[in-house]
Amino acid sequence: MNIPTKSYQIGPFSVAVSTDVAEIDRGIESFYQGFKPVNAKFFDFHISLEQPRGVRRWFRPQIDFVFDGIRPFKPLPRTQGLALFEWGLNWCITNHCHEYLTIHAAVIERNGFSLILPAPPGAGKSTLCAALVCAGWRLLSDELALINLEGANCIAPLARPVCLKNESISIIKQASPSSRFGKTCTGTNKGDVAHMMAPASSVELIDECAVGRLIVFPRYIANSKTILTRRSKATTFFEMARQSFNFHVLGSKGFEALESVVTRSDCYDFEYSNLDEAIELMTELSDQQLVSGVSTEELI
Amino acid sequence: MKEISCFLWLLRSPLSAVDLLSLQQWDLIVRQARCVGMLGRIYHLLDTKKLIDRVPSEARKHFRWGDTVASRHAELVRVEVESIADLVSSLGESITLLKGAAYCCSDNPAVKGRLFTDIDILVEKGALADVERVLELNGWLSTHLSDYDQNYYRRWMHELPPMKHGQRQTELDIHHAILPETARVKTDSKELLSNVVAINAKNTIFRLSDEDMLLHSAAHLFFDGEFKHGFRDLEDIRSLLEARNPDIFHWDLLLDRALTLGLSEPCYFALYFSRYWFEVEISDRVLNRALEVSSLGVCRSAVLVRLFSQSLMPLHPSCSSIRNAFARQLLYIRSHFLKMPVHLLVPHLVYKAVLPLLEKIQRKGKQGSRGGMIQMLEEDAKSL
């Protein structure tokens, strides 16, 4: 079996990918269009997506995620291969990389300041993130906030596709017809999943870190008004530590990194249902950051 | 052997290897080291020799990440061990740490940066029930809850059913011997416990003597049928040998001690592989005498050396093929015969073979969550 290996430099990580399924190969290529190939012969993660041997190759075909010989997950239906690749790559990063404090959050940037959206699954983080990206914000990451450990309050971009679920897919497609989407994977354990590719402008700036300034915990509630309320830094700190993958591994370094971001950020809870209003408010918040001395509190 | 030559070269002679390895070779070393849980170990090895800055940054960061995990792990183990020792000392007893926990808490530089999965302690058999009770009262819970497993451990094994802390999930094995009660080889725990070395000022935590620690490590590796971390365990042995104190260490004393404890056979293999894989200076005379006292015989030792050299390879696709898997399978079967006489082993294996079927029938209808670590990780990853 001769599978060609492709490589991508995805933010700080060099990834080698091979697959014997042409469709998945094309899908990954379209996800990471504009990402540089890796020139050196060293890869942080060697990944392959392989068809299992035996009947499940043909009968209700499946696909395996293989990380350097290890199969950390059960196989999924072959049609979910792209989603499996994205989830698998998240697993590789969160389980091996301790260069950063890694937090389950979306990160986007405008005016040089980043907005962190930490939230449990289903809170509407990815939808808000995608909507803001379509409104011109730069995408750093939809899933993983990589906070630099040197205490410099600096967040490293990944610019990987935004993973949207169920109704969010059509909402974003309608709101922004020019956005590029991968094929929808139906029937995953999260329902339908589709990935919105990062805009070329975000991919171009993949080496540029962003400074954390705003932390907003979004919550989509059907028919709710757009409500922004201030949140204490202490509870923000605790919630972010809870959403972190390696806070417990990093010890005091992780504590200091998180502290440097939280102390320098304005923190809010945010309920929304109307995306246009949400975009407007977030944009206003970010503009406010440019005007020194003006507290964002006045917006509420 | 070819595919692992770079990894061995780096471990054997880091000073010359570190500048000559190509980036592609580093790539393979990182992958093999990750597979056997030695990333942090390599960081430590190169760091103490002031070589870590000469490693290409691409590879260095992986070793550093491994070190981050290992250091944190060691910190937590130390806290955990102290709390266990405090509980046990309230009974007027002490604990003797085995394997990973012993290396970690005695600050043995030979084996720093190493990861291990559980804490192993040795206590006197007479104190077993009290120790178990005091731990249970303080949050440690028994695992393997079926009557069969509980009985199996308590009646035949050298340890209690593994315990787990209810909140912190740390795993703890409480041994009263280093080999099962039913094993062909018997090692007298009294003999081991009479030579222990204190590692804290309060005299509540001990470790085995240098020789015994080495021999236990060898017994574990060469009697046991698990080779997932075999390469790492072998490297432990070579590190312990390299760190020997020449003033008091004597090869013949080691061999005599092995004979007393009934561990001459694993001792021979430990010396053999340390010499031929890691170039530890062990003379022909010592090796020959080790073979002689082991009563292995030339033929049997040659076959086993072959099987071990296949099995000790890291379980990485670059250096493990179907042949290695076959050798591991044979040694796995051998380990069971060493562990138990046939009249006990056969019913046990039959029971274990039929059990999954029985459980499957039982579980039908009621959804039990018996998720292992990997399933948990899987769910974690999917919840992203």
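Residues numbered from 1 in each chain as written. Chains lettered and ligands numbered in written order. Predicted model: local features only at pLDDT ≥ 70, side-chain atom pairs only at ≥ 80, totals over all residues.

1. Some remarks on the overall build of chain B
For clarity, the cut-off: By definition, any uninterrupted DSSP run of H or I lasting at least four residues is a helix, any uninterrupted run of E lasting at least two residues is a strand, and each is numbered from the N terminus. A radius of gyration in this sense is built from C-alpha atoms; the matching globule rule multiplies 2.2 Å by the number of residues raised to 0.38. Partly exposed residues are those whose C-beta has more than 12 but fewer than 20 other C-beta atoms within 10 Å; 20 or more makes a residue buried and 12 or fewer makes it exposed, with C-beta atoms placed from the backbone.
The secondary structure content of chain B amounts to 18 helices and seven strands. What you see for chain B is a C-alpha radius of gyration of 21 Å, in line with the 21 Å of a compact globule of 384 residues. Viewed in the frame of its principal axes, chain B has a C-alpha envelope of about 60 × 55 × 45 Å. Expressed as a percentage of its 384 residues, the buried residues of chain B come to 38%.

2. Notes on the overall build of chain A
The line we're drawing: Residues are scored as being in contact if the C-beta atoms we place from backbone atoms lie within 7 Å.
When its secondary structure is counted, chain A shows nine helices and 16 strands. Relative to its length of 300 residues, chain A is compact, with a C-alpha radius of gyration of 19 Å against a globular reference of 19 Å. Seen through its principal axes, chain A has C-alpha atoms that stretch 65 × 40 × 30 Å. Considering chain A as a whole, with its 300 residues, one finds that 48% of them fall into the buried category. Partitioning the contacts of chain A with sequence separation of at least 6, the portion at a separation of at least 24 is 71%.

3. Observations concerning the confidence of the model for chain B
All names here are of chain B. Spelled out, the test is: Across the chain, each position has a pLDDT score giving the predictor's confidence in that residue, from 0 to 100.
Confidence along chain B averages 89 in pLDDT terms, with 94% of residues attaining 70 or more. Element-level pLDDT for chain B is lowest in helix 18 (residues 373–382), with a mean of 52, against a maximum mean of 96 in helix 13 (residues 264–278). Note on residues 367–374: pLDDT is under 50 here. Beyond four places in sequence and across chains, it has three contacts. Complex prediction metrics read pTM 0.89 and ipTM 0.91.

4. Some remarks on helix 11 (residues 230–242) of chain B
Residue and element names in this part refer to chain B. The line we're drawing: Helix span, expected: 1.5 Å multiplied by one less than the number of residues in the helix.
With 13 residues, helix 11 ought to run about 18 Å at 1.5 Å a step, and its terminal C-alpha atoms sit 18 Å apart, in line with that. Helix 11 sits mainly inside the fold: 12 of its 13 residues count as buried. Those residues of helix 11 not exposed but buried are Gly 230, Phe 231, Arg 232, Asp 233, Leu 234, Glu 235, Asp 236, Ile 237, Arg 238, Ser 239, Leu 240 and Leu 241. Contacts from the buried residues of helix 11 go to helix 1 (5–12), helix 10 (210–223), helix 13 and helix 15 (298–311).

5. Here's the deal with the pairing of strand 2 (residues 119–122) of chain B
All names here are of chain B. Filter applied, for reference: Pairing between strands is defined by DSSP: at least two bridges between them are needed.
Residues Ile 119 and Ile 121 of strand 2 are buried on one face, and the alternating residues Asp 120 and Leu 122, pointing to the opposite face, are buried as well. Two strands pair when backbone bridges link them, and strand 1 (residues 95–98) and strand 2 are joined in this way by three bridges, in the antiparallel orientation. Along strand 2, the bridge assignment pairs Leu 97 with Ile 121. Note that strand 2 and strand 5 (residues 171–175) share four bridges and pair parallel. Looking at strand 5, one finds that Leu 122 is bridged to His 175.

6. Observations concerning unusual backbone geometry
Located in the positive-phi region is Asp 68 of chain A, a residue other than glycine, with phi close to 50 degrees. Positioned with a positive phi, Lys 99 of chain B is a non-glycine residue whose angle comes to about 50 degrees. You can call Lys 99 of chain B buried: it has 24 C-beta atoms within 10 Å.

7. Some remarks on the domain arrangement of chain A
Often, the extent of an interface is quoted as the loss of accessible area on bringing the components together. Residues and elements named next belong to chain A. For the record, the criterion: An automatic or database domain assignment provides the domain bounds reported here.
Partitioning chain A into domains gives domain 1 (5–96) and domain 2 (100–299). Relative to domain 2, the C-alpha centre of domain 1 lies at a distance of 25 Å. Tallying the contact residues gives 16 residues for domain 1 and 21 residues for domain 2. Residue assignment for the side of domain 1 that touches domain 2 shows that the elements contributing at least two residues are helix 1 (22–31) and helix 2 (81–96).

8. Here we look at the sheet that holds strand 5 of chain B
Residue and element names in this part refer to chain B. Which entries qualify depends on this criterion: Axes here mean lines fitted to C-alpha atoms, for a helix over just the part in contact, with angles spanning 0 to 180 degrees between N-to-C directions.
Judged by pairing direction, the sheet is mixed, and its seven strands sit side by side in the order 3-4-5-2-1-7-6 without closing on themselves. The open sheet has two free edges, formed respectively by strand 3 (140–142) and strand 6 (197–198), since each of these has just one partner strand. When strand 6 meets strand 7 (residues 205–207), the two strands line up antiparallel, connected through two bridges. Residue pairing for strand 7: Ala 198 is matched across the bridge by Phe 206. Helix 7 (residues 128–136) rests against strand 3, strand 4 (163–165) and strand 5 of the sheet, and its axis sits at about 165 degrees to strand 5.

9. Examining the packing of helix 12 (residues 251–261) of chain B against helix 14 (residues 284–294) of chain B
All names here are of chain B. Defined as follows: Orientation categories follow fixed angle ranges, with anything under 35 degrees roughly parallel, anything over 145 roughly antiparallel, 65 to 115 roughly perpendicular, and all other angles oblique. Residues were grouped as follows: Ala, Val, Leu, Ile, Met, Phe, Trp, Tyr, Cys and Pro as nonpolar; Asp, Glu, Lys and Arg as charged; and all remaining residues, including Gly, as polar.
Remark: helix 12 packs on helix 14, axes separated minimally by 11 Å, with the N-to-C direction vectors making an angle of 10 degrees. With respect to helix 14, the axis of helix 12 lies roughly parallel. Across the interface between the two elements, Trp 251, Leu 255 and Leu 259 from helix 12 touch Val 286, Arg 289, Ala 290 and Val 293 from helix 14. When grouped by side-chain class, the residues that make up the contact of helix 12 with helix 14 number six nonpolar, no polar and one charged.

10. Some remarks on the environment of Ala 70 of chain B
Residue and element names in this part refer to chain B. Residue placement: Ala 70 occurs in helix 5 (residues 57–89). The exposure class assigned to Ala 70 is buried, which follows from the 23 C-beta atoms found within 10 Å. Between the alpha carbons of Ala 70 and Ala 201 there is a distance of 25 Å; along the sequence they are 131 residues apart. Beyond its immediate chain neighbours, meaning those up to four positions away, Ala 70 contacts Gly 40, Gly 113, Arg 114 and Leu 115.

11. Details of the nonpolar core
The line we're drawing: Remark: nonpolar core denotes a set of buried Ala, Val, Leu, Ile, Met, Phe, Trp, Tyr and Cys residues whose joining runs through C-beta atoms within 7 Å.
Ile 108 and Ile 147 of chain A together with Ala 218 and Cys 267 of chain B are the most contacted members of the largest nonpolar core, which totals 182 residues. Of all the elements, helix 5 of chain B adds the most residues to this core, at 11 residues. Each of domain 1 (5–96) and domain 2 (100–299) of chain A gives at least three residues to this core. Sequence-distant contacts of Ile 108 of chain A, that is, excluding residues within four places in its chain, are made with Ser 114, Leu 115, Cys 129, Leu 132, Val 133, Trp 137, Arg 138, Leu 139 and Leu 140 of chain A.

12. Considerations on helix 12 of chain B
Residue and element names in this part refer to chain B. Stated formally: Arc, as used here, means the arc of the directions from the helix axis to the C-beta atoms.
Regarding helix 12, the residues found buried are Leu 254, Leu 255, Arg 257, Ala 258 and Leu 261. Down the axis of helix 12, the buried side of the element spans an arc of 160 degrees, and every buried residue falls inside it. Structural note: helix 12 exposes Asp 252 and Leu 253 on the side pointing more than 90 degrees away from its buried face. Buried residues belonging to helix 12 abut helix 9 (189–193), helix 10, helix 13 and helix 14. Once helix 12 ends, the next one or two residues include Gly 262, with phi positive near 75 degrees.

13. Concerning the sheet that holds strand 4 (residues 62–67) of chain A
Residues and elements named next belong to chain A. Taken in spatial order, the five strands line up as 1-2-3-4-5 in an open sheet, and their pairing is mixed. Both edges of this open sheet fall to strand 1 (5–10) and strand 5 (76–77), since each of them pairs with a single strand only. Relative to strand 2 (residues 13–19), strand 1 runs antiparallel, the two being bridged by six bridges. Opposite Thr 5, over in strand 2, you have Ser 18 as the bridge partner.

14. Observations concerning the interface of chain A and chain B
Opposite the 24 residues of chain A that make contact, chain B presents 21 residues. Going through the elements one at a time, helix 2 and helix 7 (247–250) of chain A are the ones with two or more residues in the side of chain A that touches chain B. The dominant element in the side of chain A that touches chain B, judged by the number of residues it contributes, is helix 2 of chain A, at four residues. In terms of residue class, the side of chain A that touches chain B is made up of 11 nonpolar, eight polar and five charged.

15. Some details on the environment of Val 342 of chain B
Residues and elements named next belong to chain B. As for its position among the elements, Val 342 is in helix 17 (residues 342–363). Using a count of 9 C-beta atoms within 10 Å as the deciding quantity, one classes Val 342 as exposed. In this structure the C-alpha to C-alpha distance between Val 342 and Ala 129, which are 213 residues apart in sequence, comes to 29 Å.

16. Side note on the packing of helix 3 (residues 125–134) of chain A against helix 9 (residues 275–290) of chain A
Residue and element names in this part refer to chain A. Put simply, the rule is: Should the near helix be turned counterclockwise from the far one by less than a right angle, the crossing is left-handed, whereas a clockwise turn marks it as right-handed.
Contact geometry for helix 3 and helix 9: axes closest at 10 Å, N-to-C directions at 70 degrees. Here helix 9 runs roughly perpendicular to helix 3, going by the angle between their axes. Note that helix 3 runs across helix 9; the crossing there is right-handed. Across the interface between the two elements, Leu 128, Ala 131 and Leu 132 from helix 3 touch Leu 275, Ala 278, Ile 279 and Met 282 from helix 9. Of the residues assigned to the contact of helix 3 with helix 9, the class counts are seven nonpolar, no polar and no charged.

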